[in-house]
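Each chain, written out:
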Amino acid sequence: MELSTLKGIGEKTISLLAQCEIFSVEDLLSYYPYRYEVLCPSQELQRDESSIQVVNAFIESEAKVSYIRKNFNTLRFRANVHGKLISVSIFNRAFLKNNLQVGRMITLIGKYNEQKNQFVANDIKLNAITENKITPIYHLVKGLKNIQFEKWILESLRMPISSMDYIPENFLEQYQFLPKSQALNLIHFPKDLTDVKKAKMRLVYEELFDFMFKIMYLKEKESHAYGLQRVMDEDLVWQFVEHLPFTLTIDQKNAVQEGIKDLTSEKRMNRLLLGDVGSGKTIVAMILMYANVLSGYQSVLMAPTEILATQHYSSFLKLFQDYPIHIELLVGSMKPREKRDVYDKIATNQVDIVIGTHALLNDQVQFANLGLVVTDEQHRFGVNQRKNLQNKGYRSDVLYLSATPIPRTYALTIYGDMDTSMIASKPNGRKAVITKVKKNSELKEVLAAIYDELKNGHQVYVVAPMIEESDDTELTDVYFLKEKFALAFRNVNIGLLHGKMKPDEKDVVMNSFVKGETPILISTTVIEVGVDVVNATMMVVFNAERFGLATLHQLRGRVGRSDLQSYCYLISDQETKRLQVLEESNDGFYISEKDFELRGQGDLFGIHQSGDMSFKIADLRRDYKILLQAKKDATTYLLSKEYLHHPYYHALTQKIDFTN
Ligand code: ADP
Ligand code: MG
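Residues numbered from 1 in each chain as written. Chains lettered and ligands numbered in written order. Predicted model: local features only at pLDDT ≥ 70, side-chain atom pairs only at ≥ 80, totals over all residues. Heavy atoms only, no water.

A. Examining the sheet that holds strand β20 (residues 536–541) more closely. Strand order in the open sheet made by the six strands is β16-β21-β20-β17-β19-β18, with parallel pairing throughout. Two strands lie at the open edges of the sheet, namely β16 (434–438) and β18 (494–497), each paired on one side alone. Taken pair by pair, the neighbouring strands of this sheet meet at an average axis angle of 15°, ignoring direction. Two strands pair when backbone bridges link them, and β20 and strand β21 (residues 567–571) are joined in this way by four bridges, in the parallel orientation. Counted as the bridge partner of Val 541 is Leu 570 from β21. Along the sheet, helix α16 (residues 503–514) makes contact with β17 (459–463), β18, β19 (520–523) and β20, crossing β18 at roughly 140°. (Pairing = 2+ DSSP bridges. Helix = DSSP H or I, 4+ residues; strand = E, 2+ residues; numbered from the N terminus. Axes fitted to C-alpha atoms, helices over the stretch in contact; angles between N-to-C directions. Contact = heavy atoms within 4.5 Å.)

B. Spotlight on the sheet that holds strand β15 (residues 419–423). The strand order β11-β12-β10-β13-β14-β9-β15 describes an open sheet built from seven strands, whose pairing is parallel. Strands at the two margins of the open sheet, each flanked by one partner only, are β11 (327–330) and β15. Adjacent strand axes in the sheet meet at a mean angle of 20°, parallel and antiparallel pairs treated alike. Here β11 pairs with strand β12 (residues 353–356) via four bridges, running parallel. Looking at the pairing, Leu 329 lines up with Ile 355 of β12. In the packing of helix α10 (residues 306–319) onto the sheet, contacts are made with β10 (298–302), β11 and β12, and the angle to β11 comes to roughly 170°.

C. Inspection of the site of ligand 1 at higher detail. What surrounds ligand 1 is a group of 17 residues, the closest being Thr 247, Gly 278, Lys 281, Thr 282 and Asp 532. Within the backbone of Thr 247, one N or O atom sits 2.8 Å away from a nitrogen atom of ligand 1. With respect to ligand 1, the side chain of Arg 561 contributes an N or O atom lying 3.1 Å from an oxygen atom. Burial of ligand 1 by the protein amounts to 85% of the accessible area it has alone, namely 570 Å². Given that more than half its atoms are within 2 Å of the pocket grid, ligand 1 belongs to the second largest pocket. With three residues, helix α9 (residues 281–294) is the single largest residue contributor to the shell around ligand 1. Broken down by class, the residue content of the shell around ligand 1 amounts to five nonpolar, seven polar and five charged. (Near = heavy atom within 4 Å. Polar contact = N/O pair within 3.5 Å; in protein donor to acceptor, adjacent residues only side chain to side chain. Areas by Shrake-Rupley, 256 points an atom, 1.4 Å probe, with all protein chains shown as cover. 1 Å grid on protein atoms, 1.4 Å probe; cavity = no way out; pocket = protein on both sides within 12 Å on 5 of 7 lines; lining within 4 Å. Sits in = over half its atoms within 2 Å of the grid points. Nonpolar A, V, L, I, M, F, W, Y, C, P; charged D, E, K, R; others polar.)

Shown next as structure tokens:
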């Protein structure tokens, strides 16, 4: 049902909701709260200074505002809590002043300091809460308010929409799950946390059942999928390997062997190559792409960014310079004429290896005989994008590369439809990146360290949070940093890179960094993915607390790519406990485990960037047992062929058949 049927939703709101990937009333209902605020107001003050308390109070004096500077004020008044007179202060709420009439009962939320007899409030509810209240809190973009959202949800819940139950009836009965509509009511507006638990259990199971059904269906199809029948001179492949500037690690060699086996078997290759950042996945892909070319077919590699595609392109050119292999690049920023030229070459088989971005998905890209499709940073693409590329070939083999660090048991389940190769070890001679967490007040020390690296002819990345995120909290943005750095490092070329630049502008900056012409590169996380500049030995991240540990680990993976000692400075004034994990370890798997422990749910699976692994309510780690059960049930369901009678699953399988 259309969003515009809800009261108070116009064009502008629709576009804001779209940013949350909400396009219909149904989407809205499955946009679940990410936490609940539980307020049980007490009448008396607790002495505990360290914890947040919720108390009801009567206002005793008129509120006074003092302005410290622009956008910076404090509001103070006296209040009576159960006969005790206290002073209350709250930051930046000058606008509340006129609503705080003497005698009014309000609810204060904050901390009480007994010695000073002062209550420092984080929030004030003008309408006092008189009974326990649970408020659902939603992850919303700027411009949307939680309270509006609650209203729309409430209205949606009253609408006669059919909320399709994706749990087949026999399982519903077996587990005595709540009906879907009831679960939706309770997840958004629970009476208590037991309600949440009951509703959640069922919604999680539903989501995972649906997910596992897809995976198991794909796996079952895959087991009958024929690939290309190739003949290939394997010796030529190993000769190429011999002539590489380095020796492959055992894991890399195994992955190549597994890949060659796939390529030469009659079954279609459908393999995921998993390995931490810097473990050397690209070269494995490169070797297999070469093997595929030797057997007479074209290979294609799709990367998520132009920077990355361009970089792969130049390293391919270098490694194949003595071989009669024709390589082309295809990215969005190329001129139409250049693109057309590449389309022609692809269609007429004048090119063996094509490297590019989403631009490869263009309808005009028609391969003469595509044999192997490789997707780098697989989790950055949605399933459809990957399949689209795959469908440009007939029975093409498929290889995915991913740095998502997940333990093997998880990988086997969630990538259950694919075969997996793991690269667990880093290339020999790599030194662990030395990582230190620093405060802004220790910046001098960091600048001195940067200076040392530059003196030794090495390069430095400086990363700050994205520009658009700097709302009221004052974040170090890249322009500001560049000014500062220009002052600290006179006569040093400093590059600036951010997501709002045009692709060709980005290229210029990136290329000059790759060539070593700009010793310092200041950037947002656009450099996060895959970029490989061996001479860069230092990574400095400002406002490090804004990033997930997995992202920071990926960022840090940009350095330490050679036998040079590399360093990473994480600058943050706010929290260090989480960041210390990175000081302790360079192991992506360990880090993601810790991130999970500390944050409840880390960015372990790259959930925010991910195309197909984005769950609405399930958390693969927390709900792993449910996942296994769902896998079992989904398999039973698939084998029973019951799904042929279920409108949703039947349609789903037809869609999969059609796109495969
Ligand atoms: P990722 O797995 O993160 O994609 P890359 O494939 O970009 O990592 O490899 C990181 C760097 O390691 C590259 O510069 C690559 O040339 C180099 N490399 C890969 N394998 C080896 C090896 N066996 N020995 C030494 N260096 C290697
Ligand atoms: Mg890579």
